2 protein chains.
Amino acid sequence: MAYRKTERVEARLADNRQRILAAARELVSEGGWGEAQVSHVASAAGVATGSVYRYFPSKADLFVEVLSVVSQREVDVLEAIADNGDSPHQNLHVAISTFVARAMRNRRLAYALIAEPCEKEIDEARLVYRHAISKQIMRIVKEGQERGEFRADLDPSIAATIIVGGFMESLIGPLSPLNADFDASGPQGPEAVHALAGQIAEVCCAAVAR
Amino acid sequence: MAYRKTERVEARLADNRQRILAAARELVSEGGWGEAQVSHVASAAGVATGSVYRYFPSKADLFVEVLSVVSQREVDVLEAIADNGDSPHQNLHVAISTFVARAMRNRRLAYALIAEPCEKEIDEARLVYRHAISKQIMRIVKEGQERGEFRADLDPSIAATIIVGGFMESLIGPLSPLNADFDASGPQGPEAVHALAGQIAEVCCAAVAR
DNA sequence: TGATGAAGTGAATTTTGATTCATTAAGTGA
DNA sequence: TCACTTAATGAATCAAAATTCACTTCATCA
């Protein structure tokens, strides 16, 4: 009587969900939020529009999950850096330049997730991850202050917020699709990206260094 | 034959335009972009919905003008500070803390203009003014480098961008209507605002100081 | 004052996608 | 296989505002 899903079905459902998520992410990577329409996602994932709603309660929920998955990975990367036991000054530099370099690897996606105008609910989810990022930066700053590498007279929370705002803002220009050189094949070449990341990290480090 | 507007009419038209603009601004000040609907603006200005379109080609044009007027004033204030002949270090501090303090005077409006999710066209206009602000900050940074007050090894354009992103980001929390203490009557008291502005300016100055 | 050009009006239309839901297909257990 | 449950479909519906426009009112000028 009681209906039990078989493994096989369970797996197919999970796969459908993943495909929808992947299609959504892919569309944002290609065309930003403008492409992020439920009907587009559905056809990219090879399902009907209505089916998307069997897996996600709303468009916003779907895209918030896309953003969460991508953002959480970045938070994890920063956390690992903050934890690695090296000197705080070095860690702050590495954290920032790594974040910048990683963002530059998929510029269109990073632009959408960081800066592109989007609906309120997605925008609110952004804040959550900015906080999470800021928290990791703050940990590094605090440790630096304790170890005497950084100025002790600054509020670490404010400093971290400013640093995060600073490197995010400095990314907007380079990430922007409006940018002339947006689709140069070697997106400015790895060495240019490296140089940019270094510059940005340098300025941010200076804000707290002794 | 040819119809010539009299002074009287010209004045009334100009006045209508101003009233619409003022009403639009007022609505954003009160309820952010959520309240910024053409029909609301019209009734607040005491005209019919359709009349708004006699004065502005579209909603976006109307609100871009609102944003421009307010933002340009801020740019002018910064420009005056950059030009005042005092030491660059002092000027940078004054520029940032003044910006923060002024934003805190009308938090809801500042939040809408700086951070609140809004339509693409308005968001694009924001960028223009961020650039303009960044330019003034860059002038101060450059002069500081020339005078030897600031580190000469940083790219002034990147440094300015980071500084602007930094203090803008650090404003978002304090400005946000989501904030618990948003409508405390004395919005945290002038001395708290002053302290915050000072802290933010301090960190930003540190980013470029020698 | 009458003829004509502008301005003002606001209900109706348009637009843009998200969301629903009646229907069909597929899976389950006896 | 049958009776029943869940999944999938996609055209139709809905929603929320911006925008239009046929009509009314006001201004100008001979």
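Cut-offs applied
Residues numbered from 1 in each chain as written. Chains lettered and ligands numbered in written order. Predicted model: local features only at pLDDT ≥ 70, side-chain atom pairs only at ≥ 80, totals over all residues. Heavy atoms only, no water. Salt bridge = Lys/Arg side-chain N within 4 Å of Asp/Glu carboxyl O. Buried < 20%, exposed > 50% of the residue type's maximum accessible area, 1.4 Å probe, protein only. Helix = DSSP H or I, 4+ residues; strand = E, 2+ residues; numbered from the N terminus. Polar contact = N/O pair within 3.5 Å; in protein donor to acceptor, adjacent residues only side chain to side chain. Contact = heavy atoms within 4.5 Å. Near = heavy atom within 4 Å. Nonpolar A, V, L, I, M, F, W, Y, C, P; charged D, E, K, R; others polar. Domains from an automatic or database assignment. Buried area = accessible area lost by both parts, 1.4 Å probe. Least-squares fit on C-alpha atoms with pLDDT ≥ 70 in both. Phe/Tyr/Trp six-rings, centres within 6.5 Å; stacked < 30°, edge-to-face > 60°.

(A) Just the pattern of salt bridges, in detail. Counted according to the given criterion, the structure contains 22 salt bridges over all chains. One salt bridge connects Arg108(A) with Glu116(A), and the closest N-O pair in it is separated by 3.0 Å. A residue is classified by how much of its surface remains accessible, and Glu116(A), at 9% relative accessible area, is buried. One continuous salt-bridge network, built from bridges that share partners, spans Arg151(A), Asp153(A) and Glu202(B).

(B) Examining the side chain of Gln145(A) more closely. Residue and element names in this part refer to chain A. Tracing the sequence through the fold places Gln145 in helix 7 (residues 120-146). In this structure the side chain of Gln145 is engaged in a polar contact, spanning 3.0 Å, whose partner is the backbone oxygen of Leu154. Once you skip the residues sitting within four places of it in the chain, Gln145 turns out to touch Phe150, Arg151, Ala152, Leu154 and Pro156.

(C) Local environment of the protein's contact with DNA strand C. Around DNA strand C, the structure places 28 residues, and the nearest of them are Thr6(A), Tyr53(A), Lys59(A), Asn16(B) and Ser51(B). Residue Asn16(B) places a side-chain N or O atom 2.9 Å away from a phosphate oxygen belonging to DNA strand C. Separating a phosphate oxygen of DNA strand C from a backbone N or O atom of Ala48(B) is a distance of 2.9 Å. Counting only elements with at least two residues in the surface near DNA strand C, the list comes to helix 1 (7-31) and helix 3 (49-55) of chain A together with helix 1 (7-31) and helix 3 (49-55) of chain B. No other element matches the five residues that helix 3 of chain B contributes to the surface near DNA strand C. Looking at the surface near DNA strand C, its residues break down into 12 nonpolar, nine polar and seven charged.

(D) Summary view of the domain arrangement of chain A. Residues and elements named next belong to chain A. What the domain assignment reports for chain A is domain 1 (1-56) and domain 2 (60-208). Taking the mean C-alpha position of each, domain 1 and domain 2 sit 30 Å from one another. Taken residue by residue, the interface counts 15 residues in domain 1 and 16 residues in domain 2. Here domain 1 and domain 2 share an interface that buries about 1,300 Å² over both sides, 71% of which is from carbon and sulfur atoms. By the criterion of area lost to domain 2, the three top residues of domain 1 are Arg25, Ser29 and Trp33, representing 49% of everything that side buries. Scanning the region where domain 1 abuts domain 2 turns up one salt bridge. Counting residues per element, the side of domain 1 that touches domain 2 draws most heavily on helix 1, at nine residues. Considering only residue class, the side of domain 1 that touches domain 2 consists of nine nonpolar, three polar and three charged.

(E) Examining the protein's contact with DNA strand D more closely. Looking at DNA strand D, there are 27 residues lining it, with Ala48(A), Ser51(A), Thr6(B), Tyr53(B) and Lys59(B) nearest. Near the protein, within 4 Å, the atoms of DNA strand D are sugar or phosphate in 78% of cases. One of the backbone nitrogen or oxygen atoms of Ala48(A) is found 3.0 Å away from a phosphate oxygen of DNA strand D. Taking Ser51(A), its side chain carries an N or O atom lying 2.5 Å from a phosphate oxygen of DNA strand D. At the level of secondary structure, the elements contributing two or more residues to the surface near DNA strand D comprise helix 1 and helix 3 of chain A together with helix 1 and helix 3 of chain B. Per-element tally for the surface near DNA strand D: the top contributor is helix 3 of chain A, with five residues. Class assignment of the residues belonging to the surface near DNA strand D gives a composition of 12 nonpolar, nine polar and six charged.

(F) Geometry of the relation of the copies chain B and chain A. Placing chain B over chain A gives an RMSD of 0.0 Å and needs a rotation angle of 180°, together with 0.0 Å of translation along the axis. Here the two chains are linked by the operation of a two-fold rotation axis. For chain B, the residue whose C-alpha comes nearest the rotation axis is Ala207(B), separated from it by 1.7 Å. Taken together, the interface assignments show that 100% of the residues at the interface of chain B recur at the interface of chain A, consistent with an identical surface on both copies.

(G) Just the interface of chain B and chain A, in detail. With 25 residues of chain B in contact, the opposing surface of chain A contributes 25 residues. Taken together, both faces of the contact between chain B and chain A bury some 2,400 Å²; the carbon and sulfur share is 69%. On the chain B side of the contact with chain A, Ile162(B), Glu169(B) and Val203(B) bury the most area, a combined 25% of that side's loss. In this structure, the connection of chain B to chain A is made through four salt bridges. Across the pair Glu169(B) and Arg130(A) runs a salt bridge whose closest N-O atoms are separated by 2.2 Å. Between the two partners, chain B and chain A, sit four residue pairs in polar contact (both at pLDDT 80 or more). Of all elements in the fold, only helix 7 (120-146), helix 8 (156-175) and helix 9 (189-208) of chain B reach the threshold of two or more residues within the side of chain B that touches chain A.

(H) Quick look at the packing of aromatic side chains. Residues and elements named next belong to chain B. Counting across every chain of the model gives four aromatic pairs over all chains. Geometrically, the ring pair formed by Trp33 and Phe63 is edge-to-face, given 5.8 Å between the ring centres and 80° between the ring planes. Of this pair, Trp33 sits in the loop between helix 1 and helix 2 (38-45) while Phe63 is found in helix 4 (residues 59-82), placing the two residues 30 residues apart along the sequence. Note on accessibility: Trp33 and Phe63 belong to one class, buried. Judged by centre distance (5.2 Å) and plane angle (55°), the ring pair of Phe99 and Phe167 falls under tilted. One end of the pair, Phe99, is in helix 5 (residues 88-105); the other, Phe167, is in helix 8, and 68 residues separate them in sequence. Pair check on accessibility: Phe99 and Phe167 agree, each one buried.

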